[in-house]
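Here is how the chains run, residue by residue.
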Amino acid sequence: MTPYARRGVHGQTVEALARRILGGEIPEGATLDLVALQSELDVSLTALRESLKVLAAKGMVDARQKRGTFVRARADWNLLDADVLRWQFEGGAADGADRALLRNLAEVRSIIEPAAVRLAAERRTDDDLAALDAALAAMGEHDTDPAHAVEADLAFHRALLAATHNELLERMKMVIESGLAHRDRLVHSSPHSEDPVPAHRAVLDAVRDRDPRAAEAAMHALLEQAGRDLDRIDGPDDTKGTGGK
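Scoring rules and cut-offs
Residues numbered from 1 in each chain as written. Predicted model: local features only at pLDDT ≥ 70, side-chain atom pairs only at ≥ 80, totals over all residues. Heavy atoms only, no water. Helix = DSSP H or I, 4+ residues; strand = E, 2+ residues; numbered from the N terminus. Buried < 20%, exposed > 50% of the residue type's maximum accessible area, 1.4 Å probe, protein only. Contact = heavy atoms within 4.5 Å. Polar contact = N/O pair within 3.5 Å; in protein donor to acceptor, adjacent residues only side chain to side chain. Pairing = 2+ DSSP bridges. Core = buried A, V, L, I, M, F, W, Y, C linked by side-chain atoms within 4.5 Å. pLDDT = per-residue confidence, 0-100. Salt bridge = Lys/Arg side-chain N within 4 Å of Asp/Glu carboxyl O. Axes fitted to C-alpha atoms, helices over the stretch in contact; angles between N-to-C directions. Parallel < 35°, antiparallel > 145°, perpendicular 65-115°, else oblique. Left-handed = near helix turned anticlockwise from the far one by under 90°.

Caption draft 1: Molecular detail of the overall build of the protein. Along its length, the protein carries 11 helices and two strands. The order of helices and strands in the protein, counted from the N terminus, is α-α-α-β-β-α-α-α-α-α-α-α-α. Relative to its 245 residues, the protein shows a buried fraction of 45%. For the protein, restricting intrachain contacts to residue pairs at least 6 apart in sequence, the fraction spanning at least 24 positions comes to 70%.

Written as structure tokens, this is what we have:
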């Protein structure tokens, strides 16, 4: 996944505006002063307008005659957009907001991935198994770089969704990866996390054996371990429910 907002000056402008909105610096309902923003961001008015078109496509801003360009209500934002999720995680949100977003994504994962892995166990091909094997092997390499561990984990979960051979489920990787990558960066930077390989291997073994029920149970166990890892870092959270997984 290549983040759109990191491509050149145009992308940097998109990202700067998005983070101001997501962080509440520019609140919902506020009308944007384009001339002031142009000066602050040191971009042309044309570039600014083009950047706002990107945010409009994500449901974050709109424009009306006599009112101008304004920030839409959060209920209208495309919160499942991969860039919107990434901006929230990377924008230095307050710990409470960060944890809440992780909890929400954990709940989404707990609904999607156990069901998806059942399909993967029924439909997987030899190529799917090869991709899963490669990701698990990379995960088992004791690399000191947390980024390596994060990418290996993302590759494993991408391969699982691909093994469902359901185009819509495969697209869910754009949602799952944003939260998973953020969680992984926290966990793999900590010396107290559990070894992720055995839990992932259990999922892969069940998929390889074409055993949907075992695959689903193994995925639930993996998500529970993910929750324990995050709780070790963040401490107890009485409001988390199924969060942090």
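Caption draft 2: Summary view of the side chain of Glu113. The topology assignment puts Glu113 in helix H5 (residues 95–123). Of the polar contacts made by the side chain of Glu113, one reaches the side chain of His157; its length is 2.7 Å. In this structure Glu113 touches His157, Ile176, Met219 and Leu223, once residues within four positions along its chain are discounted.

Caption draft 3: Representation of the pairing of strand E1 (residues 61–64) within the structure. Looking at chain direction, E1 and strand E2 (residues 68–71) are connected through four bridges and run antiparallel. Across the sheet, Asp62 pairs through a bridge with Phe70, a residue of E2.

Caption draft 4: Representation of the nonpolar core within the structure. Core analysis: the biggest nonpolar cluster contains 23 residues, and Val117, Leu132, Phe156, Leu160, Val203, Val207 and Met219 have the highest contact counts within it. Excluding residues within four positions of it along the chain, Val207 makes contact with Val117, Ala120, Ala121, Arg124, Leu129, Leu132, Leu160 and Ala215.

Caption draft 5: Looking closely at the confidence of the model for the protein. Per-residue confidence for the protein averages 86 on the pLDDT scale, and 85% of its residues sit at or above 70. Overall, residues 236–245 carries pLDDT values under 50, and its contacts beyond four positions in sequence, including any with other chains, amount to 24 contacts.

Caption draft 6: Spatial organisation of the pattern of salt bridges. The full count for this structure, using the stated rule, is 16 salt bridges. Close ionic contact of Arg19 with Glu15 constitutes a salt bridge, the shortest N to O distance being 3.3 Å. In this pair, Arg19 and Glu15 both sit in helix H1 (residues 8–22), four residues apart, roughly one turn of the helix. Given the relative accessible area of 27%, Arg19 is considered partly exposed. Look at Glu15 and you get buried, because its relative accessible area is 14%. As a salt-bridge pair, Asp133 and Arg208 come within 2.7 Å of each other at their nearest N and O atoms. A residue pair is termed long-range when its members are at least 10 positions apart, and Asp133 in helix H6 (residues 126–140) and Arg208 in helix H10 (residues 197–208) qualify at 75 residues. Shared partners join several salt bridges into a network, and the residues in it are Glu15, Arg19, Lys58, Asp81, Asp83 and Arg86.

Caption draft 7: Molecular detail of the environment of Val203. Mapped onto the elements of the fold, Val203 is located in helix H10. When its relative accessible area of 0% is taken as the criterion, Val203 is described as buried. Sequence separation between Val203 and Pro114 is 89 residues; the distance between their C-alpha atoms is 9.9 Å. Among all residues touching Val203, those that are not within four sequence positions of it are Val117, Phe156, Leu160, Ala218, Met219 and Leu222.

Caption draft 8: Summary view of the packing of H6 against helix H7 (residues 146–162). At a minimum axis separation of 8 Å, H6 and H7 run at an interaxial angle of 160 degrees. Relative to H7, H6 is oriented roughly antiparallel. Seen along the crossing, H6 lies across H7 with a hand that is left-handed. Between H6 and H7, the contacting residues are Asp128, Ala131, Leu132, Ala135, Leu136, Ala138 and Met139 on the first element and His148, Ala152, Asp153, Ala155, Phe156, Ala159, Leu160 and Ala162 on the second.

Caption draft 9: Structural detail: the side chain of Gln225. Its location among the elements puts Gln225 in helix H11 (residues 212–234). The class for Gln225 is buried, based on a relative accessible area of 10%. Ignoring any residue separated from it by four or fewer positions in sequence, one finds Gln225 in contact with Glu194, Asp195, Pro196 and Ala199.

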